[in-house]
Amino acid sequence: MSKEDLLLPAEIRDGLRTTVFGRERIDYFPIIDSTNVHARAIADGGAPQGTLVVAEAQLRGKGRMGRSWHSPAGEGIYVSVILRPRVLPSEAPQLVLMTAVAAAETLLANAALPFTIKWPNDILVGGKKIAGILTEMSLDRDRIDYVVIGLGLNVNTRAESMPPEIAGIATSLCAVTGRMFSRAELLRTFLEKLESYYGLFQERHFEPIRERWLDLARIIGKHVKIAGVGHTYEGEVVDIDRDGFLILKSLDGTVERILAGDVSLIENLPHSPGSDGSGKFFLT
Ligand code: BTN
């Protein structure tokens with residue numbers, strides 16, 4: 001780790017093994033409102049695929065479902081990556097799962113932690129969130145103009161410095177392991193993983209990514225509650241389908257296909273129709 005672990009473009013590029021991501025343009029800010037907001041503005045203005053927006057701190061870091069992302073200076077990674085994928089808008093949820101895989105593998109490569117992925121793309125350690133991903137898309141008629149992938153990773157925040165209002169739900173690499181990490185190194189790993197999975201996605205589509213996501217998330221057969229927009233679902237996870245939707249067998253036996261929501265795991269599985277007793281459900 002360098003003496004001052006800043007995320008300056010030169011630091012990020014030092015040893016970065018990507019060909020596109022972070023190569024042509026990195027917009028760096030000591031402080032910004034939100035890297036995603038800036039990334040959207042420059043993507044609207046034509047910034048190329050692989051452009052990064054990086055900040056040491058965010059004043060109004062955005063989370064999913066209208067929430068905010070705590071972004072203290074120098075303690076985490078707050079980055080947005082601009083993609084210009086040549087896929088249909090309906091395939092965008094697949095990019096969300098792809099990013100979760102890249103983020104999870106970043107943790108695997110840098111710290112052997114017992115993490116879980118909460119569908120679609122939260123990374124948790126010990127039940128607390130360590131990384132979050134906010135993906136925003138802009139359409140030009142019926143095609144994708146760009147997708148902004150925003151990653152927030154809590155790195156060097158000490159357990160005792162977590163604000164009390166999030167201490168029960170958030171953690172950081174330092175809080176979990178007791179040591180400090182190089183943010184530049186973690187960011188390089190993330191960019192390399194993301195670029196490599198993005199290449200795989202363009203070449204072989206979603207299937208290999210779906211399989212890796214399922215391996216990492218181990219969610220099939222789990223009993224969950226999902227708070228969606230205006231509706232809460234409860235049941236057992238049957239699959240992640242080929243579009244990236246979560247397939248849930250509800251307690252009344254109906255099968256739901258869910259695009260977005262907040263998942264909580266429920267430990268005790270009540271009896272539910274259609275189960276073969278082994279934690280797996282049949283769709284037919
Ligand atoms: C979530 O878990 O709700 C998503 C959090 C995403 C936070 C990141 S930090 C970098 C990027 N810029 C933002 O304003 N949000 C994302």
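Check the entry above for the structure.
Everything numeric here is computed off the predicted structure, so don't read it as measured data. In this convention, every chain numbers its residues from 1, walking through the sequence in written order. Predicted model: local features are reported for residues with pLDDT of at least 70 only, side-chain atom pairs are reported and counted for 80 or more only, and whole-chain, interface and lining totals are derived from all residues. With hydrogens and water stripped out, all remaining heavy atoms of the structure feed into the side-chain values.

### Notes on the overall build of the protein
The line we're drawing: Helix numbering and strand numbering both begin at the N terminus, where a helix is a DSSP run of H or I of at least 4 residues and a strand a DSSP run of E of at least 2. What the globule rule says is 2.2 Å times the number of residues to the power 0.38, and the radius of gyration is computed from C-alpha atoms. Only protein chains enter the accessibility calculation, which uses a 1.4 Å probe; a residue is then buried when its area is under 20% of its type maximum, exposed when over 50%, and partly exposed in between. By the convention used here, residues are in contact when the closest approach between their heavy atoms is within 4.5 Å.
Across its full length, the protein holds 7 helices and 14 strands. What you see for the protein is a C-alpha radius of gyration of 19 Å, in line with the 19 Å of a compact globule of 284 residues. By principal-axis analysis of the C-alpha atoms, the protein measures approximately 55 × 50 × 30 Å. Scored against the burial criterion, the 284 residues of the protein give a buried share of 53%. When contacts within the protein are restricted to residue pairs at least 6 apart in sequence, those whose partners lie at least 24 apart make up 62%.

### What to know about the pairing of strand 2 (residues 52-55)
For clarity, the cut-off: When DSSP finds at least two bridges between two strands, those strands are taken to pair. With the strands pointing away from the viewer, any crossover whose connection runs clockwise from the first strand over the helix to the second is right-handed.
Taking every second residue as pointing to the same face, both faces of strand 2 are buried, with Leu-52 and Val-54 on one and Val-53 and Ala-55 on the other. Here 4 bridges tie strand 1 (residues 26-29) to strand 2, and the two strands are oriented parallel to one another. Pairing of Ile-26 across the sheet is with Leu-52, part of strand 2. In this view, the connection linking strand 1 to its parallel neighbour strand 2 by way of helix 2 (residues 35-44) has right-handed handedness. Pairing analysis gives 4 bridges linking strand 2 to strand 5 (residues 76-83), with the strands arranged antiparallel. Looking at the pairing, Val-54 lines up with Val-79 of strand 5.

### Points about the packing of helix 6 (residues 183-204) against helix 7 (residues 207-217)
Note the cut-off: The convention used is that axes are lines fitted to C-alpha atoms, helices contributing only their stretch in contact, and that angles between N-to-C directions extend from 0 to 180 degrees. For classification purposes, angles smaller than 35 degrees are called roughly parallel, those larger than 145 roughly antiparallel, those between 65 and 115 roughly perpendicular, and all remaining angles oblique.
Here helix 6 crosses helix 7 at 130 degrees, and the two axes come no closer than 8 Å. Between helix 6 and helix 7, the crossing angle belongs to the class labelled oblique. Mapping the contact onto sequence places Tyr-197, Leu-200, Phe-201 and Arg-204 in helix 6 and Glu-207, Pro-208, Ile-209 and Arg-212 in helix 7.

### Observations concerning the sheet that holds strand 12 (residues 246-250)
As summarised here, the arrangement of the 5 strands in space is 13-12-11-10-14, forming an open sheet in which the pairing is antiparallel. Whereas interior strands pair on both sides, the edge strands pair on one side only; in this sheet they are strand 13 (255-258) and strand 14 (262-265). Between one strand axis and the next, the sheet turns by 45 degrees as a mean value, whatever way the strands run. As paired elements, strand 12 and strand 13 share 4 bridges and run antiparallel to each other.

### Considering the packing of helix 3 (residues 92-110) against helix 6
Rules: Take the far helix as your reference; a near helix turned counterclockwise from it by less than a right angle gives a left-handed crossing, and one turned clockwise gives a right-handed crossing.
The geometry of helix 3 relative to helix 6 is characterised by a closest axis approach of 8 Å and an angle of 140 degrees between their N-to-C directions. Taken together, helix 3 and helix 6 sit at an angle that is classed as oblique. Note on packing geometry: the crossing formed by helix 3 with helix 6 is right-handed. Between helix 3, through Gln-94, Leu-95, Met-98, Thr-99, Val-101, Ala-102, Ala-103, Glu-105, Thr-106, Ala-109 and Asn-110, and helix 6, the contact on the second element is made entirely by Glu-185, Leu-186, Thr-189, Phe-190, Lys-193, Leu-194, Tyr-197, Tyr-198 and Phe-201.

### A closer look at the packing of aromatic side chains
Threshold: Classification of ring pairs rests on two measures: the distance between centres of Phe, Tyr or Trp rings, Trp counted by its six-membered ring, which must be within 6.5 Å, and the angle between planes, read as stacked under 30 degrees, edge-to-face over 60 and tilted in between.
Counted by the stated rule, this structure contains 1 aromatic pair. Residues Phe-21 and Tyr-198 carry aromatic rings whose centres are separated by 5.9 Å and whose planes lie at 40 degrees to one another, so their mutual orientation is tilted. Of this pair, Phe-21 sits in the loop between helix 1 (9-13) and strand 1 while Tyr-198 sits in helix 6; the two residues are 177 residues apart in sequence, bridging distant segments of the chain.

### Here's the deal with the sheet that holds strand 6 (residues 115-118)
Taken together, the 7 strands give an open sheet; going across it, the order is 1-2-5-9-8-7-6, and neighbouring strands pair in mixed fashion. The open sheet has two edge strands with one neighbour each: strand 1 and strand 6. Shown here is a sheet whose adjacent strand axes are inclined to one another by a mean of 15 degrees, direction ignored. Of the strand pairs in this sheet, strand 7 (residues 122-125) and strand 8 (residues 128-140) are connected by 3 bridges, and their pairing is antiparallel.

### Some thoughts on the environment of Ile-240
In this structure, Ile-240 sits in strand 11 (residues 231-240). Through-space distance from the C-alpha of Ile-240 to that of Phe-206 is 11 Å; in sequence the pair is 34 residues apart. Look past the residues within four positions of Ile-240 in its chain and what remains in contact with it is Leu-97, Trp-119, Arg-210, Trp-213, Leu-214, Ile-220, Phe-245 and Leu-246.

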